[in-house]
Amino acid sequence: MSSWRDRLNKLSGKTRLVVCRLFVHLTGKEVAPLLGVLNQAARDAVESDGDLGVLGESLVDICQNLLQYNTYWQSAANEGNVFWNEGEAGDYVSELFTDSAQRYLSEPDFNGYSSEDEPLSLPVTRNLIVMITMAFEGEVPELETNLADIEALEEGLKALINLHYQERLRAIQVHFSPAQFGDQLTDEQLLVNFPELIPL
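Thresholds, definitions, all that
Residues numbered from 1 in each chain as written. Predicted model: local features only at pLDDT ≥ 70, side-chain atom pairs only at ≥ 80, totals over all residues. Heavy atoms only, no water. Helix = DSSP H or I, 4+ residues; strand = E, 2+ residues; numbered from the N terminus. Buried < 20%, exposed > 50% of the residue type's maximum accessible area, 1.4 Å probe, protein only. Contact = heavy atoms within 4.5 Å. Areas by Shrake-Rupley, 256 points an atom, 1.4 Å probe, with all protein chains shown as cover. Pairing = 2+ DSSP bridges. Axes fitted to C-alpha atoms, helices over the stretch in contact; angles between N-to-C directions. Core = buried A, V, L, I, M, F, W, Y, C linked by side-chain atoms within 4.5 Å.

## Topic: the overall build of the protein chain
And step 1. When helices and strands are counted, the protein chain shows 6 helices and 5 strands.
And step 2. Across the protein chain, helices and strands are ordered from the amino to the carboxyl terminus as α-β-α-α-β-α-β-α-β-α-β.
And step 3. Across the 200 residues in the protein chain, those meeting the buried criterion constitute 44%.
And step 4. Intrachain contacts of the protein chain at a sequence separation of at least 6 include 88% that bridge at least 24 residues.
And step 5. About 10,500 Å² of surface is accessible on the protein chain, with carbon and sulfur atoms providing 48% of the total.

## Description of the environment of Ile 129
And step 1. Tracing the chain through its elements places Ile 129 in strand β3 (residues 127-137).
And step 2. Distance in space between the C-alpha atoms of Ile 129 and Leu 190 is 8.8 Å, their sequence separation being 61 residues.

## Observations concerning the sheet that holds strand β2 (residues 73-83)
And step 1. Strands sit in the order β4-β3-β1-β2-β5 across an open sheet of 5 strands; the sheet is antiparallel. Edge positions in the sheet fall to β4 (169-177) and β5 (198-199), since each of these pairs with one other strand and no more.
And step 2. Those strands touched by helix α3 (residues 52-68) are β1 (17-27), β2, β3 and β4, and its axis lies near 50 degrees from that of β4.
And step 3. Contacts between helix α5 (residues 150-165) and the sheet are confined to β1, β2, β3 and β4, with β2 contributing the most and set at about 55 degrees to the helix.

## Thoughts on the nonpolar core
And step 1. Of all hydrophobic cores here, the largest spans 43 residues; its most connected members are Leu 26, Leu 66, Met 134, Phe 136, Leu 143 and Leu 160.
And step 2. Elements represented by at least two residues in this core include exactly β1, α2 (32-47), α3, β2, β3, α5 and β4.
And step 3. In contact with Phe 136, not counting residues within four places along its chain, are Arg 16, Leu 17, Val 18, Cys 20, Leu 143, Glu 144, Leu 163, Arg 168, Leu 169 and Arg 170.
And step 4. Membership of the second largest hydrophobic core comes to 9 residues, among which are Leu 17, Phe 83, Tyr 92 and Leu 96.

## Regarding unusual backbone geometry
And step 1. Residues Ser 177 and Pro 178 are joined by a peptide bond in cis, for which omega reads -5 degrees.
And step 2. Structurally, Pro 178 can be placed in the loop between β4 and α6 (187-193).
And step 3. Located in the positive-phi region is Asp 49, a residue other than glycine, with phi close to 60 degrees.
And step 4. When you line up the elements, Asp 49 lands in the loop between α2 and α3.
And step 5. For Asp 49, a relative accessible area of 72% translates into the label exposed.
And step 6. The backbone phi angle of Glu 167 is positive, close to 55 degrees, even though this residue is not glycine.
And step 7. On the secondary structure map, Glu 167 appears in the loop between α5 and β4.
And step 8. Relative accessible area serves as the criterion here: at 73%, Glu 167 is assigned to the exposed category.

What follows is the structure, encoded as structure tokens:
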């Protein structure tokens, strides 16, 4: 993503900001525990009122779990852009956030998932999509490349963990579909609602 404009802005002392979104599609009934990790991260984010430190710790937890579940990865996609203006970067973060939030079944359940009226066993979805939107300072080649490749995706998730510990993350948002236990994301719904996914 480096260009003459990047070099010019670097000379003028401007901060390089990258905003990107990563999609990871996992398949198999065994991925259900990951839904618990994601919902806990969503609750922590709300309770901390969006504190970047808390969000970063949750992101590390999510990335580590995704890496552990790599045998269930089915497809992936990523997109992003480089900005030298904080306002423009913020607008793009908001745009990606809105899009992710409007994706099929991506509304978390903050009330927990235990209810007296619910059946003891809920149907388990075979498909799970995790959408991570982030903004960070500087250059990270591992995230600024096509991540629809198993090795590249592994390196990208590890780079994301490092960004938290390097305190270079400026924004973190995680969405997932389905967001609630018992909701189903069928193969057909997957194709319609997540057309950008590329098989791994």
